[in-house]
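One letter stands for each residue in the lines below.
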Amino acid sequence: MLHMKTVEGRLDAKGLRIALVCSRFNDFIVDRLVGGAVDYLLRHGIEREGIAIIKIPGAFEFPVVTSKLARKKEYDGIVCLGAVIRGATPHFDFVASEATKGIAQVSLESGIPIGFGLLTTDTLEQAIERAGSKAGNKGVEAAAAVVETIRVLEQIN
Ligand code: INI
């Protein structure tokens, strides 16, 4: 087999500085995502002082707050944690799509990895399933993705 150069990120959070941006809207769900993300980061070697928790009103505010944090260059990565649950109004689609587009834009423009731990579900039950029950914990996945991406980018530099 031909030798191939392979770049892979270690899942090692030692020495990293990571901001968790957490929405208060649906905090019953979001608190589970935050707990999962913090637990993951600590078990992968981050120091407690390496984690900053920033609370925001709702998912619509993710873009402006992550944009400001990214420009400060104090963090190696950011994890957005929130839940948009479809209600009877079209508000769901606006909030979910603006948050998603904005987060992606900030990550690309700043070059800072941003974990997408924003649940977008039709029902509360689906959100509960993804916040630490039968479908895992999206907060853990988003934190893991940020650590891996930070380590990949370090090697590409
Ligand atoms: N914010 C959420 O984080 N989740 C939701 O489900 C939600 N819904 O359904 O309305 C929501 N709305 C608030 C929004 O994010 C803003 O905070 C608000 O509109 C003020 O700008």
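Quick notes on the rules
Residues numbered from 1 in each chain as written. Predicted model: local features only at pLDDT ≥ 70, side-chain atom pairs only at ≥ 80, totals over all residues. Heavy atoms only, no water. Patch = residues over 30% accessible without salt bridge, like charges linked within 9 Å, V, L, I, M, F, W, Y side chains within 5 Å. Areas by Shrake-Rupley, 256 points an atom, 1.4 Å probe, with all protein chains shown as cover. Salt bridge = Lys/Arg side-chain N within 4 Å of Asp/Glu carboxyl O. Helix = DSSP H or I, 4+ residues; strand = E, 2+ residues; numbered from the N terminus. Buried < 20%, exposed > 50% of the residue type's maximum accessible area, 1.4 Å probe, protein only. Polar contact = N/O pair within 3.5 Å; in protein donor to acceptor, adjacent residues only side chain to side chain. Axes fitted to C-alpha atoms, helices over the stretch in contact; angles between N-to-C directions. Parallel < 35°, antiparallel > 145°, perpendicular 65-115°, else oblique. Left-handed = near helix turned anticlockwise from the far one by under 90°. Contact = heavy atoms within 4.5 Å. Nonpolar A, V, L, I, M, F, W, Y, C, P; charged D, E, K, R; others polar. Near = heavy atom within 4 Å.

Student: Can you tell me about a nonpolar patch on the surface, naming the residues and giving the values?
Tutor: On the surface, V7, L153 and I156 cluster together into a nonpolar patch covering about 250 Å² of accessible area. Along the chain, V7 falls in the segment before β1 (18-23).

Student: A description of the side chain of N137 should follow, citing residues and the corresponding values.
Tutor: Mapping N137 onto the fold places it in strand β6 (residues 136-137). The class of N137 is buried, set by a relative accessible area of 14%. Polar contacts involving the side chain of N137 include one to the main-chain amide nitrogen of G139, which spans 2.7 Å.

Student: I'd love a proper account of the pattern of salt bridges, names of residues and values included.
Tutor: Across all of its chains, the model carries 12 salt bridges by this definition. When the shortest N-O distance is used, the salt bridge between K14 and E47 registers 3.9 Å. Of this pair, K14 sits in the segment before β1 while E47 sits in the loop between α1 (27-43) and β2 (51-56), placing them 33 residues apart in sequence. The closest approach of N and O atoms between K134 and E129, which form a salt bridge, is 3.6 Å. Classification of K134 by relative accessible area gives exposed; the value is 71%. Within this structure, R86, D93 and D122 form a network of salt bridges that share partners.

Student: Tell me what's going on with the packing of helix α2 (residues 62-72) against helix α3 (residues 91-110), and back it up with residues and numbers.
Tutor: For the pair α2 and α3, the least separation of the axes is 8 Å and the interaxial angle reads 15°. It follows from the interaxial angle that α2 and α3 lie roughly parallel. The way α2 lies across α3 gives a crossing that is right-handed. Residues F62, P63, T66, S67 and A70 of α2 form the contact with α3, whose own contacting residues are E98, A99, G102, I103, V106 and S110. A per-class count over the contact of α2 with α3 returns 6 nonpolar, 4 polar and 1 charged.

Student: Please provide a residue-by-residue account of the packing of α1 against helix α5 (residues 138-156), values included.
Tutor: The relative placement of two packed helices is expressed as an angle between their axes plus a distance between the axes. Put simply, α1 and α5 touch, their axes get as near as 7 Å, and they point 40° apart. Considering the angle they form, α1 stands oblique to α5. Where α1 crosses over α5, the two elements pack in a sense that is right-handed. Residues L33, G36, A37, Y40 and L41 of α1 form the contact with α5, whose own contacting residues are K138, G139, V140, A143, A144 and V147. The residue makeup of the contact of α1 with α5, split by class, is 8 nonpolar, 2 polar and 1 charged.

Student: Summarise the site of the ligand; cite the residues concerned and give the values.
Tutor: Every residue near the ligand is listed here: S23, F25, N26, G58, A59, F60, E61, A83, V84, I85, H91 and V95. Within the backbone of G58, an N or O atom sits 3.4 Å from an oxygen atom of the ligand. At 2.6 Å, a side-chain N or O of E61 approaches an oxygen atom of the ligand. Computed on the free molecule, the ligand has an accessible area of 460 Å², of which 76% lies beneath the protein chains in the complex. Counting only elements with at least two residues in the shell around the ligand, the list comes to β3 (77-85) and α3. When residues of the shell around the ligand are assigned to their parent elements, the largest contribution, 3 residues, is made by β3.

Note that every value here comes from positions in space, so none of it alone points to a role or purpose.
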